[in-house]
Amino acid sequence: MSNRGGIIALLVAFLTLSVYFLLRTWKANDIRNDAEAFATDKSGKIDYAKKQRYLDSLWKQPVFLGTTTEDLTKQELGLGLDLQGGMSVILEVSPAEIVRSLAGSSRDSRVATALANAQKRAVSSTTNFVDLFADEFKKVAPDTKLANVFSNSSNRGTLSLESSDNQVVSYIKKEVDGAFDRAFRIIQTRVDKFGVANPNLQRLSGTNRIQVELPGVDNPDRVRKLLSGAAKLEFCEVYTMQEIAPSFDGLASILLQMDIDAKGKTTATTGAKKDTTATATAASTDTSKNSLSAQLTGGGVKGDSTKKDSASLAQRQNNAFSNLFIPTGYGVAVRTKDVARVKEVMDRSDVRALFPANSSYVFDIKPRANGTNVNEEIVDMYFVKDLGKAPLEGDVVTNANQDYDERGKPAVEMQMNAEGARKWKALTGANIGRPIAIILDNYVYSAPNVNGEISGGRSSIAGNFTVEEAQDLANVLKAGKLPAPTNIISEDIVGATVGSEAAQAGIISSLVGLLVVLGFVLIYYNKAGVIADIALIVNLFLLLGVMASFGATLTLPGIAGMVLSVGVSVDANVLIYERIKEELALGKTFKDAVRDGFKNAMSSIIDSNVTTLITGVVLFAFGTGLILGFATTLLIGIFTSLFSAIFVSRLLFEYYIGKGKTISFSTKWSDKLFKDSKFDFVSKRKLYYTISSAIIIAGIISIAVKGFGLGVDFLGGRTYIAKFEKTVNTEDIENALKPTFEGQAIEVKTFGGFDQVKITTPYKIENTNTEVEQELQANVNKAITNVNGNSGKVVSSSKVGPTIANDAIWGAVKAVLLSIILVFAYIYIRFRKLAFAYGALVALSHDVLIILGVFSILRGFLPFSLDVDQAFVGAVLTIMGYSMNDTVVVFDRVREYLAEKRGVREDIPTVINNALNSTLSRTAVTGFSTLLVLLVLLIFGGETIRGFVFAMFIGVIVGTYSSLFVATPIVVDGMQRDIKKEDEKLAAAPVVVETKKTKKS
C-alpha cells in the first residue's frame, strides 16, 4: 500500500470531523432540552413562549467552541417529522389567479372560459399552465390576439397591441415566476418568524410549489392560516420619538414594577412609595419625564435633582427600560434575543393604554449588528399609525424595479396607478421630513424619509441599499401588484406521540439490524470478519458525521437506508474477501493474496456501486419528503461504505501483514459452503423463463382484476390515522364516519395494530379552504369519540390534492423509466456488448413487474398496508439498484472469463456457468445479510415503513433470482446469436477464412 500515511491522515481527518459535527448535534439537542426543562412547570406543561425566549437568549451567543446556537442548528443531524411530530405542507402559487389579474381590465368572458378549461386540464397534465391557457384561449377565441387582452398602461414598455402571442405568453410566464419568487420570500419570512426550531423550506423544482416542514408544531390551524393568508402591503405614517416619548416614560415605570415583582418584593426601596405601582400612565410619571423623555428625544437630565429619591427612581426606571430597549437616533431598537419578551410586554393591556389608540408596534424585517457589541444583533422597532387600515395599500402599485439614483447608488423606482398617485401625493405632502413605513405582513421592509410631496405616482426610494436589498424591496412592493394566493395542496400532520413511537422503533431496528449483520459477518468470515465489522462501524460513524455536516434530516426511511447501507456495504468486503480466498487457493502468500484480492475486486466494486449510485441519484432528483431522506442517506452511504471497505479494511490487513500474521477467512461450517460448486444455471434457462413468465402473468391478471391499493399520494384524498383505546372493527368505524363524509367513498384499514386504523377518503379534496381542514378533523374526531363504547382520536393526518397526485404518478413513472435507461446505457458503455445491456434491461423489467404483481396478489392477505405510493416507488428503484449491483458482479466475472478465453471458441454456457459458480458465495452472503437487515426492519421498523421494507424484502429475493436465472441466461442467448451471425459471415466468405488459416499455419 504505497500511500499508507496519506490514507491514515485522511481517515483521522474524516473521523475528527465526524466527531466534531456529531458533538455539535449533541450540543444543539442539549440546549433544546435545557430550554424545554426551563419552560416546563411542575405539572409538566410546557410554556412554548418561555422556551423560545430561552433559545433566543442564546441564539447569537457562542455556546460550543466559539459557535453560536444559530450556527449549530444549521449543521446538525436533525430529526424528520416522522420521528418527532410536526407538520409538512406543500403550497402551490395559483397561476390562474395571476393570469386573471393580468387580464383584469378585460371583461372578455372568453378569458374566464379559457382559464376554467386550463384548470381542468392542469389536473392531469404536466404542461405549463400558461401554455394550457394560451391553447384554450386560442380555441375559444381563434381570431383574437392575446395582446388585445393583456396589453395595458402598466406594461406599456413591455407589451403593445402589436405583440405576438408568443411574446405575451413569455410576459405572463415571467410575471407568474416573479409572483412565485415573491410568494416564496413571503412564506420564508413567515416561517422564519414563526419560532419553530429547524424549519425546512424549499422550492420544488419545475413547479410553482413550495414545501414547508415545521417540526414539533402542535397547532396545525395556526400554520394553515399563517402560510395561506394573502400578503398585505401597507404604507403607514410613523410616530416620531418626540410624539411617543411620554408613553415610554409610563412604560419604564411599569418595567421597573415588573422587575420588582419578579424579585418577590411588594414595594420599592427607600422613597419610591406609590410612584412605582403598575398603574402608571403617561400623565402620572413626572419623576421620570425629565430623564427618559429627554434621553429619547436627544436631551438629558441637567443639574442635581432637589429630591434624591426621585432621581434614584428615575435612574432605576431608565435601567429597567434600557434592559429591553436601546435608544437610537430616531427611535428604539431591541436585542434579537429579547424580541419575544418585548412582545409579551407590549401586548399587556396596561402598556397598550399608554400609547395612542391608533398606534401599533412593528419590527424591521432585518436585524443589524449592535455597534457597541459585535456579538449581538438588534432589530429596529417602529410605532406606526393605522396599521391594518393604512391610507395606502399595495394594490395601487403597478410596477417596481431596482434602479440607481443620480449618484449611481442602488435605489428603487415605484409606479402607482391613478388612485394610488392621488393618495400618495396627499400622504407624502402631509409627512415631509418624516418617514413612511413600507410594511409587508406586519414587518417593516423600509422606512424612507419624505423629502417633498410626490405627485404623478412615480417615486424613487433611495438609501444605503445594496443591489440585493434594492431588488428585495422592489419585490416587496410588487407583492401588492398581483394576487398570488398560496393554496395548500398537500399536508401531513404527525402527532408528537406517533413521532416518538417511530423514533423508538427506528432506534431499535437500527441497533438490532446492525448487531445481526455484524454477528453474521463474524460467524461467516472468522477473524477476517472482525476487520469487516470494524470497517462497517467506521462506515456508520462516517455516515452519521457526513449527514450532520450537511445538516441532513434523519427520517424513518432514512434510518432504513442507513441500516440497509450497512448491510449492502458488506458486499464490498465480501467481494474483496472472496477474491483473497481465491488467491490463497492458488498458493500465493498472504501478503500477495491480499494485494491481488483488493486489486481484482476493484472492477466489480466500482461497477456494482455505480449502478446503485444511478438509482440513488434518480431517487434524490424525483423524491420528496421521506423518500428524499432515504435517497440522501443511501447516496452518502455509498461513498462512506466504499471508503471504509477499500481503505479502512486495507489498513487493518496491512497492520497484520506488518506483524507477520495471517488471518483466517472462514469457520468450520462456512469453509465448505459453495466450495467447488458446479451448479448448471444455464441449461435449464427455459424453465426459469417459464417460471418468471408465469409469475408475471399471474400478477398482470391480478392487477387487471383486483387492481392496486393506490396510496393517497397517487390517488389524492385525505388520510387520518386514528388511535383507539381498545381493538376496533373497521366496519363500525366506517359506519360511524359515513354521515361526516356525506356518502362519499371511505376506506378504513387497520394500521400498525388492531387498536389503530387508517381512514382514507376523497371527500372535498379539491377544496383548499383552510377552515375546511379544521372542520373536517373536528368532525372525524367527533364521529370516533365513542364507537360502541370505544374512544378514538386522530393522531396524524395527511392531504394530497388531485394535481399533486397526478404529478406524483408521472414523477414515479419517469423515475423508473429514467433509471432503466441510465442503467442500460452504463452497462452497454462498460461491457461493450448489447447482450449484457439487454440482460440488464430484461432483469430490471422482470423485477419491477414481479414486485407489482406480488403487491397486487397479496393485498388484503397481509396484516399491513401494501399500498402503491411514493415510498413503494422508492423501494422499487432501490431494488433495481440492488439487482443491478448483483447482476454487474456476475457480468464482471463473465467478462473476465471471456477475456481469459480470448481466441478460444469455448462453449458460452460453460463460461457463464463457471462465472456464476465463482460468484455464488458472494451472491449468497450479500443477499442473506441484506435480507437479515430487512427482516429486522420489517419486525421492528414500525408501521410507517413496513410496506416499504416488505417491497425491498421481496425485491432482494427477486433481484438475486433474476441476476442468476434471468440476466445471465439472456446474455448466453444474446452471445450465442452473435456467434451464430459471425459464423454465417465467415461461411459467406470462405476465401478470406482459408487465407487466415494459411497465415496461422
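Heads up: the structure comes first, above all this text.
The notes below deal with the structure included here. All values derive from a computational prediction rather than experimental measurement.

Moving on, we come to the sheet that holds strand 14 (residues 397-404). Spatial ordering of the open sheet is given by 14-15-18, a layout of three strands whose pairing is antiparallel. What marks the edges here is a single partner per strand, and that holds for strand 14 and strand 18 (458-462). Strand-to-strand twist in this sheet, taken as the mean axis angle between neighbours without regard to direction, amounts to 20°. Where helix 16 (residues 418-429) meets the sheet, it contacts strand 15 (410-416) and strand 18, and its direction lies at approximately 115° from that of strand 15.

A full pass over the atoms with the stated rule returns 34 salt bridges. Linking Arg341 and Glu344 is a salt bridge whose minimum nitrogen-to-oxygen distance equals 3.8 Å. Taken as a pair, Arg341 and Glu344 lie in helix 14 (residues 339-346) at a separation of three residues, close to a single helical turn. Using a relative accessible area of 30% as the deciding quantity, one classes Arg341 as partly exposed. When its relative accessible area of 33% is taken as the criterion, Glu344 is described as partly exposed. Where Arg595 meets Asp592, a salt bridge forms, and the shortest distance between an N and an O atom there is 3.0 Å. Within this pair, Arg595 and its partner Asp592 are both found in helix 21 (residues 590-622), separated by three residues, close to a single helical turn. Where salt bridges share partners, they join Glu583, Lys588, Asp592, Arg595 and Asp596 into one cluster.

Turning our eyes to something else, we now look at the side chain of Thr612. Of note, Thr612 is situated in helix 21. On the basis of relative accessibility, which here comes to 10%, the residue Thr612 falls in the buried class. Thr612 has contacts with Ile638, Gly881 and Asn885, leaving out every residue within four places of it along the chain.

The subject of this paragraph is the nonpolar core. Side chains that are nonpolar tend, in soluble globular proteins, to be buried together. One finds Tyr577, Phe653 and Ile827 to be the most contacted residues of the largest nonpolar core, which totals 125 residues. Looking at this core element by element, the count peaks at 15 residues for helix 33 (residues 946-988). If near-sequence neighbours (up to four positions away) are discounted, Tyr577 is found in contact with Tyr525, Ala528, Gly529, Ile531, Ala532, Phe653 and Phe665.

Rules and cut-offs
- Residues numbered from 1 in each chain as written.
- Predicted model: local features only at pLDDT ≥ 70, side-chain atom pairs only at ≥ 80, totals over all residues.
- Heavy atoms only, no water.
- Pairing = 2+ DSSP bridges.
- Helix = DSSP H or I, 4+ residues; strand = E, 2+ residues; numbered from the N terminus.
- Axes fitted to C-alpha atoms, helices over the stretch in contact; angles between N-to-C directions.
- Contact = heavy atoms within 4.5 Å.
- Salt bridge = Lys/Arg side-chain N within 4 Å of Asp/Glu carboxyl O.
- Buried < 20%, exposed > 50% of the residue type's maximum accessible area, 1.4 Å probe, protein only.
- Core = buried A, V, L, I, M, F, W, Y, C linked by side-chain atoms within 4.5 Å.

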